[in-house]
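# Per-entry structural report
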Amino acid sequence: MSKYRYGVNEYAVRHEMAKDVTGTLKKIKEMGYEGIEFMDQNAYPAKDLKKMLDDVGLVCIGFLTHLTLLQDDTIESTIEYFKTVGAKYANVPWLPEEMMSPAEKARETADIFNRIAAKLAPHGIVLGFHNHVNELHYYPGTADSPFTMFFDHTDQSINIEMDCAHVINARGSGILSLLRRYPNRYKTVHLKPYSLEMGAVDIENGYNSMIGEDDVPWGDFMRLCRTIGGTEWYLVEYEAISVYPELVGLELCIQKLKFMEAQGEI
């Protein structure tokens, strides 16, 4: 039995989902994935989505939930949607720079998240934030970044949905120290490869690699997620469709992960 529970982020199969939702979900299940994190709850009626997932046998892990859906006039409908589908994680996928920089803004945004998290918690919904590259860049002349300033001031219940490729792209290293800095807060993580060598000429090209053939320290990363990160879901977000078609890349990723696990590498 696997030590890891693998899921898919919908972005990795967005084109396939646009063509055939049920068929794509079925293929994801057949590959060995157990759940999916969706990009947009407004794309699917809640009851229809719940039935499709139940029929296929996949769990709705959650949604990349924009902050506009968590305001006073929208949060109740979001809560109801999550309850109907059976989703747990509402991970905000992006924040504008003015909400994270300078440092005072990141602290103010942390307060906003804390208030929203308190409203979601009684309903069994966990609020989180998915990082991109910009949050890892240091504030000028400091050892702090939007990432650390924000998560230092958010409640311990708020999920840190780390995108490991974006961390490697931004920092080149330091991913393990970030895991250790916030124990038990990485409930969902995005598994995505990044090659520093390939990204040296073109930053975006660094994503055109494969898990295990890149610069993410997969062994230590996965073990720390499992032992101190509190990670429940390991979500593959393979996005190099210029290298492999979406479903091919997704299957290669889980095959590689399971191979590394069988070899004791992760």
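Refer to the structure above for everything that follows.
Presented here is a report on the structure given in the accompanying data block. (Residues numbered from 1 in each chain as written. Predicted model: local features only at pLDDT ≥ 70, side-chain atom pairs only at ≥ 80, totals over all residues. Heavy atoms only, no water.)

## Observations concerning the overall build of the protein
We apply this condition: Here a helix means four or more residues in a row that DSSP labels H or I, a strand means two or more in a row labelled E, and each is numbered from the N terminus. Whether a residue is buried, partly exposed or exposed follows from its accessible area with a 1.4 Å probe, protein chains only, as a fraction of its type maximum: under 20%, in between, or over 50%, in that order. Residues are treated as being in contact if the distance between any of their heavy atoms lies within 4.5 Å. For the area figures, the Shrake-Rupley method with a 1.4 Å probe applies, and any residue is considered shielded solely by the protein chains shown. Charge counting follows a simple rule: Lys and Arg are positive, Asp and Glu are negative, and His as well as the terminal groups are ignored. Working definition for charges: the position is that of NZ of Lys, CZ of Arg, CG of Asp or CD of Glu.
Within the protein, the regular secondary structure consists of 11 helices and eight strands. Along the three orthogonal principal directions, the C-alpha set of the protein runs to about 45 × 45 × 35 Å. Buried residues in the protein amount to 54% of all 266 residues. For the protein, the proportion of contacts with a sequence separation of at least 24, taken over those separated by at least 6, is 76%. In the structure as shown, the protein presents an accessible area of about 11700 Å², 51% of it carried by carbon and sulfur atoms. Separation between the mean location of the 26 positive side-chain charges and that of the 39 negative ones in the protein comes to 6 Å.

## Focus: unusual backbone geometry
Between S101 and P102 the backbone carries a cis peptide bond, its omega angle lying at 5 degrees. Mapped onto the secondary structure, P102 falls in the loop between β4 (89-92) and α5 (103-120). The backbone phi angle of N184 is positive, close to 65 degrees, even though this residue is not glycine. Here N184 is to be found in the loop between α8 (175-181) and β7 (188-191). Judged by its relative accessible area of 44%, N184 falls in the partly exposed class.

## With respect to the sheet that holds strand β6 (residues 159-161)
Strand pairing in a sheet is mediated by backbone hydrogen bonds. Such pairs are either parallel or antiparallel. As a reminder of what qualifies: A pair of strands counts as paired when DSSP detects no fewer than two bridges linking them. Working convention: axes come from line fits to C-alpha atoms, limited for helices to the stretch in contact. Angles between N-to-C directions cover 0 to 180 degrees.
Read from one edge of the open sheet, eight strands run β6-β5-β4-β3-β2-β1-β8-β7, paired in parallel fashion. The open sheet has two edge strands, β6 and β7, and neither has a second partner. The mean inter-strand angle of the sheet, taken between neighbouring strand axes irrespective of direction, is 30 degrees. Here β7 runs beside strand β8 (residues 233-236); their pairing, made up of four bridges, is parallel. Paired with H190 across the two strands is L235, which belongs to β8. In this fold helix α11 (residues 246-262) packs onto β1 (6-9), β7 and β8, with an angle of close to 155 degrees to the strand it touches most, β1.

## Looking at helix α2 (residues 21-31)
In an α-helix there are 3.6 residues to a turn, and that puts residues three or four apart on one side. Applied cut-off: This arc is built from the directions going out from the helix axis to the C-beta atoms. Whenever two N or O atoms come within 3.5 Å, that pair is a polar contact, provided that in protein one can donate a hydrogen and the other can accept it, and provided that, for residues adjacent in sequence, both atoms are side-chain atoms.
Regarding α2, the residues found buried are V21, T24, L25, I28 and M31. Seen end-on, α2 carries its buried residues on one side only, within an arc spanning 120 degrees. Against β1, α1 (14-19), β2 (35-38), α3 (46-56) and α11 lie the buried residues of α2. Between a side-chain oxygen at the N-terminus of α2 and the backbone nitrogen of G23 the separation is 2.9 Å; the capping residue is D20. Directly beyond the C-terminal end of α2, a positive phi value near 115 degrees is found at G32.

## Considering the packing of aromatic side chains
The description of two aromatic rings rests on the distance between their centres and on the angle between their planes. Short version of the rule: Think of it this way: a Phe, Tyr or Trp ring, Trp meaning its six-membered ring, pairs with another when their centres are within 6.5 Å, and the plane angle makes it stacked under 30 degrees, edge-to-face over 60, tilted otherwise.
Per the stated rule, a full pass over the model turns up 18 aromatic pairs. When the centroid spacing of 4.9 Å and the interplanar angle of 70 degrees are considered together, the rings of F150 and F151 count as edge-to-face. Neither F150 nor F151 differs from the other in exposure class; each is buried. For the pair Y194 and Y207, a centre-to-centre distance of 4.7 Å together with 75 degrees between the ring planes defines the contact as edge-to-face. With a gap of 13 residues between them, Y194 in the loop between β7 and α9 (196-199) and Y207 in the loop between α9 and α10 (218-227) connect regions that are remote in the sequence. There is no split in this pair, since Y194 and Y207 are both buried. Ring pairing ties together the aromatic residues F113, F129, F147, F150, F151 and Y182, which thus form one cluster.

## A word on the packing of α3 against helix α4 (residues 75-85)
Rules: Roughly parallel means an angle under 35 degrees; roughly antiparallel, over 145; roughly perpendicular, 65 to 115; everything else is oblique. Each crossing is labelled by how the near helix is turned from the far one, with a counterclockwise turn of less than a right angle marking it left-handed and a clockwise turn marking it right-handed. Classes in brief: Ala, Val, Leu, Ile, Met, Phe, Trp, Tyr, Cys and Pro nonpolar; Asp, Glu, Lys and Arg charged; the others, Gly included, polar.
Close contact between α3 and α4 brings their axes to 8 Å; oriented N to C, the two are set at 25 degrees. For the element pair α3 / α4, the angle class is roughly parallel. You can see that α3 and α4 cross each other, and the crossing is right-handed. In this structure, α3 uses A46, K47, L49, K50 and L53 to contact α4, whose residues at the interface are Y81, T84 and V85. For the contact of α3 with α4, the class distribution of residues is five nonpolar, one polar and two charged.

## What about the layout of surface pockets?
We apply this condition: Only protein atoms enter the 1 Å grid, on which a cavity is a set of points fitting a 1.4 Å probe that cannot get out and a pocket is an open set with protein on both sides within 12 Å along at least 5 of 7 lines, lining residues being those with an atom within 4 Å of a point. Grid points are joined across faces, edges and corners, and a volume is the space filled by probe spheres set on the points.
When its volume is computed, the largest pocket comes out at roughly 210 Å³. Around the largest pocket sit W94, L95, P96, E97, M100, S101, H132, N134, E135, H137, Y139 and P146, which together line it. Classifying every residue of the lining of the largest pocket by side-chain character gives six nonpolar, four polar and two charged. Estimates place the volume of the second largest pocket at around 170 Å³.

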